Structure formats: C-alpha cells, structure tokens
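Spelled out from the first residue to the last, the chains are:
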Amino acid sequence: SSGSISVATGSSKSTSGTVEVFPGVSTAGAGGDLVLQGGSSTDSTGGLVLIRSGASTSSTSGSVSLASADGGDGVGSGRFNVSTGSGTGASGGIQITSGGASTTGNSGNIVIQSGSATAGRSGAVSLTTGNSEAGDAGSISLTAGSSKSSRGGSLSLMAGNGSESGDILIASGSGDQSGLLTLVSGTGETFSGNLTIGTADPTDGASGDIMLTTGAASTGTTGDISLSTGSRLSVSYIL
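Quick caveat, the model's predicted, so the values are computed rather than measured. (Residues numbered from 1 in each chain as written. Predicted model: local features only at pLDDT ≥ 70, side-chain atom pairs only at ≥ 80, totals over all residues. Heavy atoms only, no water.)

Looking only at helices and strands, the protein has zero helices and zero strands in total. Out of the 239 residues belonging to the protein, those deemed buried represent 0%. Sequence separation of at least 24 residues holds for 0% of the intrachain contacts in the protein that already meet a minimum separation of 6. Accessible area for the protein stands at about 23,600 Å²; split by element, carbon and sulfur atoms hold 47% of it. Placing the 7 positive and 15 negative side-chain charges of the protein at their respective mean positions leaves the two points 18 Å apart. (Helix = DSSP H or I, 4+ residues; strand = E, 2+ residues; numbered from the N terminus. Buried < 20%, exposed > 50% of the residue type's maximum accessible area, 1.4 Å probe, protein only. Contact = heavy atoms within 4.5 Å. Areas by Shrake-Rupley, 256 points an atom, 1.4 Å probe, with all protein chains shown as cover. Lys, Arg positive; Asp, Glu negative; His and termini not counted. Charge placed at Lys NZ, Arg CZ, Asp CG, Glu CD.)

Another point: a nonpolar patch on the surface. Taken together, Leu36, Val49, Ile51, Val64, Leu66, Phe80, Val82, Ile94, Ile96, Ile110, Ile112 and Val125 make up a surface patch of nonpolar side chains, about 1,200 Å² in accessible area. Residue classification places Leu66 among the exposed residues on the basis of a relative accessible area of 56%. (Patch = residues over 30% accessible without salt bridge, like charges linked within 9 Å, V, L, I, M, F, W, Y side chains within 5 Å. Salt bridge = Lys/Arg side-chain N within 4 Å of Asp/Glu carboxyl O.)

Note that all results are geometric; they support no functional claim without further evidence.
Structure below.
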C-alpha cells in the first residue's frame, strides 16, 4: 500500500489544539472548494470517508455539524445535498440512525424540519421514492417502535395550525386499477383497538360534517357502502 499522511495536534491536559483546513477568501470570484474524497480502486472497494467527533470517557462526545454557510442579503444560502452514487447494479443506501442507549437512558431523537420564515412560506418536507421503468416502485413505511414490556410508540399525522388549519389528504395512487386504502386497528390478545372517525368540537360555530361517498362510474356500476360488525368466532374443545 502507499504511505499514509496524518495531521494532528499534540495532546494536552486541558484543551487540545484545533486543526483547520479551509481555502482562501475571494474578493471578486467564487470561493475555493474543499474536497474530501476516498481513494479509488480498479479491482476492489473504494476508500472510506469517515467524519467522526471525538470520544470522551467522562462527558458527552463531541458533536458533528455539517452546514452550508449563510447567504448575502436578498439571496439564499447554499444547498446541502446527501446522496449515494449510481451503479449498474444497485445504488447505495442512505441510513440515518441515532445511537442506542444502554441501561436506563433514552436513545437520541431524529428531527427532519425545514426552517422558519418571517414573511414568505416555510420550506416543505417531501418523502418520495424513485420511479421504476419496469419493476415495482419503492414503498414508504412509517412505523413506530415496539416495546417488549411497555407501550409501543405512537404515530401522529397532524396538519399545522393557522387562521385556517392545513388539510390532511390520504389517498391511493391512480392507475388501471387504483390501490386500496385500508384503515384498521391492530390485533390484540384480549381486545383489538378502536377506530374512531369524528369531527372536533368547535369553540364557537357549527361542527364539521362526515361524508361517506363512493366514486361515480362512467360505464359500470358505482361502488357500495357496507357497514357490518364482526362475527363471533366459535371455539371447539376436544377432551
């Protein structure tokens, strides 16, 4: 293998030194780029790029911050892109996880949030999978965590508050035959969960309506609406 290059500050009983690598400032043209890249290989795996904070034996470990710089007056800040490379086979995945917690501590949170805006519209957050030319398109799963001895995590979908609150739309996609939309509670050993559909109580005024409708049909019959309770299962015992 070729030789290694190490850049490090000396050790200290108090605070160790800082290592800074940055290109120079430009007064007229674009600022210089900073490239961190692993080595390429013709017949094996390419080199790894690892950015990791320092460990501590008596306190919290250091933080890792990756951010684009602020922009000038009237212009936006730079983009922050995280992506894997393309491949003739499968492309690489992206995994964002917080560390596990031992003993009695809680594991870390993951927050994905756009910035606030004072006069304009705040940024949107979109979760989409890629399209497929011939195979099935990818799915999106939102699943709360399970617990062996306590309550499982909750899953909340809520529109934002405002002078008029935001809408929530849950719909299957269009196609030669559209997909199903299923709302069911989970199965339990002694009691399955309830399913409640209702409108909220207003502080002043009329409450909202509940509408159950099937779609219109241009040539065939329209859909039915069925309301039924579950059947009681009979259990036979053989002695």
